[in-house]
Every structure is written in structure tokens, then in C-alpha cells.
Amino acid sequence: MTKETIVKEFEAIAGAENVMTSETDRHAYSYDAAVLDSVMPALVVRPRTSEALGAVTKLCNDNGLPLTVRGAGTNLSGGTIPHPGGVVVLTNGLNRILEINEEDMYAVVEPGVVTAQFAAEVAKRGLFYPPDPGSQTVSTLGGNVAENAGGLRGLKYGVTKDYVMGVDFWDVNGEMVKSGSRTVKCVTGYNLAGLMVASEGTLGVFDKLILKLVPPAQAAKSMMAIFPSMKAASETVAAIIANKIVPATLEMMDNFTIRTVENFRGAGLPIDAAALLLIEVDGHPAQVEDEAAMVEKICKANGATELKIAKDAAERDAVWQARRDALPALAKLKPTCVLEDATVPRSKIPAMIEALDEISKKLDLTIGTFGHAGDGNLHPTILTDKRDKTEWKRVEKGIDMIFDKALAMGGTLSGEHGIGLAKSKYLEQETSRATLEYARRMKSVLDPKGILNPDKIVGPRS
Ligand SMILES: Cc1cc2nc3c(=O)[nH]c(=O)nc-3n(C[C@H](O)[C@H](O)[C@H](O)COP(=O)(O)OP(=O)(O)OC[C@H]3O[C@@H](n4cnc5c(N)ncnc54)[C@H](O)[C@@H]3O)c2cc1C
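The structure presented is a predicted model; accordingly, all values stated were derived computationally and were not measured.

1. Some words on the sheet that holds strand S2 (residues 43-45)
- Strand order in the open sheet made by the 4 strands is S1-S2-S4-S3, with mixed pairing throughout. Two strands in the sheet have a free side with no partner beyond their single neighbour: strand S1 (19-20) and strand S3 (67-70).
- Relative to S2, helix H1 (residues 3-14) is tilted by about 10°, and along the sheet it contacts S1, S2 and strand S4 (87-90).

2. As for the packing of aromatic side chains
- According to the stated counting rule, one finds 4 aromatic pairs in the structure shown.
- Consider the rings of Phe 118 and Tyr 129, whose centres lie 5.0 Å apart with planes at 70°: the pair is edge-to-face. Taken together, the residues Phe 118 in helix H4 (residues 115-124) and Tyr 129 in the loop between H4 and helix H5 (141-147) connect sequence positions 11 residues apart.
- Connected via pairs of aromatic rings, a cluster forms that spans Phe 118, Tyr 129 and Tyr 163.

3. A word on the site of the ligand
- Neighbouring the ligand are 33 residues; Val 69, Gly 71, Thr 74, Ser 135 and Thr 140 lie closest to it.
- In this structure, Ser 135 approaches the ligand through a side-chain N or O atom, which is 2.5 Å from an oxygen atom.
- Thr 140 has a polar side-chain atom sitting 2.6 Å from an oxygen atom of the ligand.
- Going through the elements one at a time, S3, H5 and strand S9 (205-212) are the ones with two or more residues in the shell around the ligand.
- Its residues assigned to classes, the shell around the ligand comprises 10 nonpolar, 19 polar and 4 charged.

4. Focus: the environment of His 83
- Structurally, His 83 can be placed in the loop between S3 and S4.
- His 83 sits in the partly exposed class, given a relative accessible area of 25%.
- Taking the C-alpha atoms as reference points, His 83 and Glu 4, separated by 79 residues in sequence, lie 20 Å from one another.
- In this structure, His 83 is in contact with Val 39, Met 40, Pro 66, Thr 68, Pro 454 and Asp 455, ignoring residues within four places of it in sequence.

5. Notes on the sheet that holds strand S8 (residues 176-180)
- Taken in spatial order, the 5 strands make up an open sheet running S5-S6-S9-S7-S8, and their pairing is antiparallel. Edge strands, defined here as strands with exactly one partner in the open sheet, are strand S5 (97-101) and S8. Between one strand axis and the next, the sheet turns through 10° on average, direction left out of account.
- Note that S5 and strand S6 (residues 106-109) share 4 bridges and pair antiparallel. In the strand pairing of S6, Ile 97 is matched with Val 109.
- The strands touched by helix H3 (residues 50-62) within the sheet are strand S7 (164-170) and S9, with S9 carrying the most contacts at an inclination of about 135°.

6. Quick word on the nonpolar core
- Among the nonpolar cores identified, the biggest contains 56 residues, and Phe 227, Met 252 and Leu 277 are the most heavily contacted of them.
- With 8 residues, helix H14 (residues 389-408) is the largest single contributor of residues to this core.
- For Leu 277, the contacting residues outside a window of four places in its chain are Met 223, Met 224, Ala 225, Phe 227, Ala 233, Thr 236, Val 237, Leu 250, Glu 251 and Met 252.
- Counting 27 residues, the second-largest nonpolar core is a separate cluster that includes Ala 107, Val 122, Leu 127 and Leu 141.

7. Let's talk about the packing of helix H8 (residues 230-242) against helix H13 (residues 349-363)
- Between H8 and H13, whose axes approach to 8 Å, the crossing angle comes to 155°. Considering their axes alone, H8 and H13 lie roughly antiparallel with respect to each other. As H8 runs across H13, the sense of the crossing is right-handed. Contacts from Met 230, Lys 231, Ser 234 and Glu 235 in H8 reach Ile 349, Pro 350, Ile 353 and Glu 354 in H13.
- The class makeup of the residues in the contact of H8 with H13 is 4 nonpolar, 1 polar and 3 charged.

8. Some details on the packing of H13 against H14
- Relative orientation of the contacting elements H13 and H14 amounts to 160°, with a least axis distance of 10 Å. One element, H13, and the other, H14, form an angle in the roughly antiparallel class. Considering only the axes of H13 and H14, their crossing is right-handed. Here Met 352, Ala 355, Leu 356, Glu 358, Ile 359, Lys 362 and Leu 363 of H13 lie close against H14, whose contacting residues are Arg 394, Lys 397, Gly 398, Met 401, Ile 402, Lys 405 and Ala 406.

Calculation rules
- Residues numbered from 1 in each chain as written.
- Predicted model: local features only at pLDDT ≥ 70, side-chain atom pairs only at ≥ 80, totals over all residues.
- Heavy atoms only, no water.
- Pairing = 2+ DSSP bridges.
- Helix = DSSP H or I, 4+ residues; strand = E, 2+ residues; numbered from the N terminus.
- Contact = heavy atoms within 4.5 Å.
- Axes fitted to C-alpha atoms, helices over the stretch in contact; angles between N-to-C directions.
- Phe/Tyr/Trp six-rings, centres within 6.5 Å; stacked < 30°, edge-to-face > 60°.
- Near = heavy atom within 4 Å.
- Polar contact = N/O pair within 3.5 Å; in protein donor to acceptor, adjacent residues only side chain to side chain.
- Nonpolar A, V, L, I, M, F, W, Y, C, P; charged D, E, K, R; others polar.
- Buried < 20%, exposed > 50% of the residue type's maximum accessible area, 1.4 Å probe, protein only.
- Core = buried A, V, L, I, M, F, W, Y, C linked by side-chain atoms within 4.5 Å.
- Parallel < 35°, antiparallel > 145°, perpendicular 65-115°, else oblique.
- Left-handed = near helix turned anticlockwise from the far one by under 90°.

Written as C-alpha cells, this is what we have:
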């Protein structure tokens, strides 16, 4: 088929107004939030119905056109960088909440629904959808499922996979595959919904998601603990968990990040603090009081110089906004901001903090460290300028060293940002050759022409 004929076929499916071929439009979808080179797609299409999404998938497969589904493009691993000459399929025309079932506590949504808008709709019905990635005001639920996104509440409430009850998806032939159900339990067949979680658009195109909802906590208390060193703060994290307290949120910031965030918004953070822990406990009011008191005691025993408790909702929101500002604030400092999310067993947080300090000194790199300390998921953020080739070489070395250290501590390459293009070369290091080959065989059976988001996770086809 000629390019014109193909474009007409896409237009017949999605409507001419939803097919974009201009250089400007294609450029807008040539990159995502990862620090990787952009790649121009041949065409961008925005299906607005489920049938159109399936037909677009089939058309791509019939013509051997690489297909990359894109939610908001906020992923940090190159998951939505298209294949050269490929098709970008947008999900922002599929953004309807189809059902919120209060009685059975689930929701059915299209993949392009924005995470925070969904959580707000659910909250209006007196229910709670916990996964809250820092990007939630723009990220989509389809993108969250495809990356298995985490968030600030991961420690107590888990990550996106813990809320996926079912996924209906288009296979590469444009056939509808249904997996999971609206019931609390379901063991009907293979756990294909589980397979779709973290599949990064490489195994199927999500059409509908069935998501679990839970009752909200009755009470919550947010605290900010100030520490004279990162070591003291990280040892406190380990001590809180060792004392069998599981806060809803347990986040850490180093001094560099504290000062940067304070400069960004002026939230009243203590700029002289070497480290901060931001902690929220929630649950039954009596339990919240008990746990808050224990957390305070543990913080003080581990050297906290001050502990501030948010007095009202406004103060509580300010605490969490400051944490959410960390990445945008750091990203403003230098032209290139490399955010990693290697994750270690929680008890290894103090050792990982020490390792990051050593790496930054050894390679003369600026690294701001913040993140979900309670889950062992720190976000060391290297600030650099990719055009400075000498420094960039040191950055690449630094990334390798961060992964080596995390893996040596029994950790993992990615706690929540996925593998995409950015980390596929490290996959075998964490797993094994056989694991990689198994994944490649599975992919080649489900997607024989290799059109579904090529090269992501398992690397290029041999
Ligand atoms: C400021 C900032 C803060 C962030 N904070 C967090 C955080 O706290 N926790 C966290 O986990 N991540 C975080 N991220 C990363 C990112 O927001 C998440 O990975 C998020 O899940 C991506 O959602 P998205 O809609 O942007 O998806 P996209 O980036 O558009 O896509 C992500 C992947 O999903 C696939 N995909 C999308 N829709 C579908 C579909 N319908 N069918 C099949 N595949 C699909 C894409 O092909 C791609 O591989 C952050 C990013 C930024 C920029």
C-alpha cells in the first residue's frame, strides 16, 4: 500500500480529524519524559471508540507498521518513543469512566482516563483509589497499568498491579481478549491481566480496565521530621519498618533537593536540614494516634532535631505538594535531568544512600536524592547537560554504578519507572539469559511481526 492509501485507511477508521501527518504534529509525539533521542513517527492517530482502537491495531499489523500506544507520555524509560516510521496511537480520545460500582467497589474505565481525575471521581462516591504517581494530574490509567506505576502511598497500599482486577485488550490481530473479572476472586484461565501489567504496550493494546477500589482511611496524620544527616534519616526509615509500623507514606529528601524545592515554591521547608522524612500514618483514629506517637519516638531516638505535625488539611497538602515538586524543581536546574529508580530491600536504604554519596563524589556528579524511602525506592537524580560529552560519559558510568550497587544489595533495576528502551540492556544482568530468551519467545508468539512497541523491554529483535 502507498503512504497515501494507508493514511486514507486510518482516516476511514478514526476520522480525518484524528489522523495527523504534519511534521509539527509528528514531532510533538517523537519523545517522552526519558532522556533519550527523539524518533519521528510516520503518523499519529487518535481513535475515539473501542472499535476504532481495535481496527487501528489490526491495520498496523496487516501492514507491518510498528505501533506505539501513548497515554500522556510521562514515562521515564522511553516507553513511548516511537519506532522509526511507526504509528503513534493516542488514548486521549478514550477517556471515559464507564462505571463506578460502589456496592462491589470496582470501576471500569477506558485507558486514557487521567489518574487524578479518576481518583477524584471515586472520592466523590466515598471510595478510594490509592495509586498516586507524582505525575497523576496528567498520567493516564492505561499508562499506569502498562508501567505498573507506583506512588507515594506504595508502602502501605501497594502499586497499580494491586488494583488491576481485569484488562480487556486488543491483540495484535485486532481481536478482543478479555481477562480478569468484576469479582474479588477469579481464577478463570491464565492471569492475562497480570501479564498486561508492566507490559509497556509490547503485548496488547488495552481497551478497558477493571480497577479495584477500597474504603478510604478514617483519619490521617502527616509529619515532617528534620535530621542532621542522611544516615540518621535512612536509619530511621529502617527503624520505623523494623518496629512493624507501615505508614501510608514514608518519603525522604536530601539537603540539595530540600533547597531546590524551597526555591521552586517557597513551601517553608527547613533549608538547613541535611535530610527530611515526610511521613503519613492513616487508619482508624485511635491507631493513627498510637502510630504517630511511636513514629515521633523513633524519629527522636534516631536523631531527629525536630518533628512538625500538619495541623490541618492545608498544611498536610503543603507537605505532599513539596514532595511532588521535587522532580519538576530539580529538572529546572540543568538542561538534562536523569531520574533513576533502582530499588533495594528496605533494610539496605542506609547502605544505598552511602553508595550514592560515594558515586557522586567519585565521578564529580550533582545528584539530588529523594524518593519512596519506605519502599526502598529512591530516586537519585543526576543533573547534567547531555551536550557536555565528557560529563555525559561520567553520567553513564554513574548510572551503571547505581545499578551495580542496587543489584549487589539484592535490589532491582526499576521499582516503578519500567524498562522501556532506557534499561533493556541491563535486563539480563538482573535476571538471566534464559529469562530474556523466554520473554523474547513469548513476545514473538503473541506478536509475530514484532509491531507492538518494538525494542521496549526485551531489546531489538535478533
Ligand atoms: C514528574 C513525574 C513524576 C512521576 N512520578 C512517578 C511516580 O511517582 N511513580 C511512578 O511509577 N511513575 C512516575 N512517573 C512516570 C510516569 O508518570 C508513569 O510511568 C506513568 O504510569 C505513565 O503514564 P502515561 O499515561 O504518561 O503513559 P505513557 O508514558 O504514555 O506510556 C507508558 C507506557 O504505557 C504504554 N501504554 C499506554 N497506554 C497503553 C494502552 N492503552 N495499552 C497498552 N499500552 C499502553 C505505552 O506504550 C508506554 O510503554 C513520573 C513521571 C514524571 C514526568
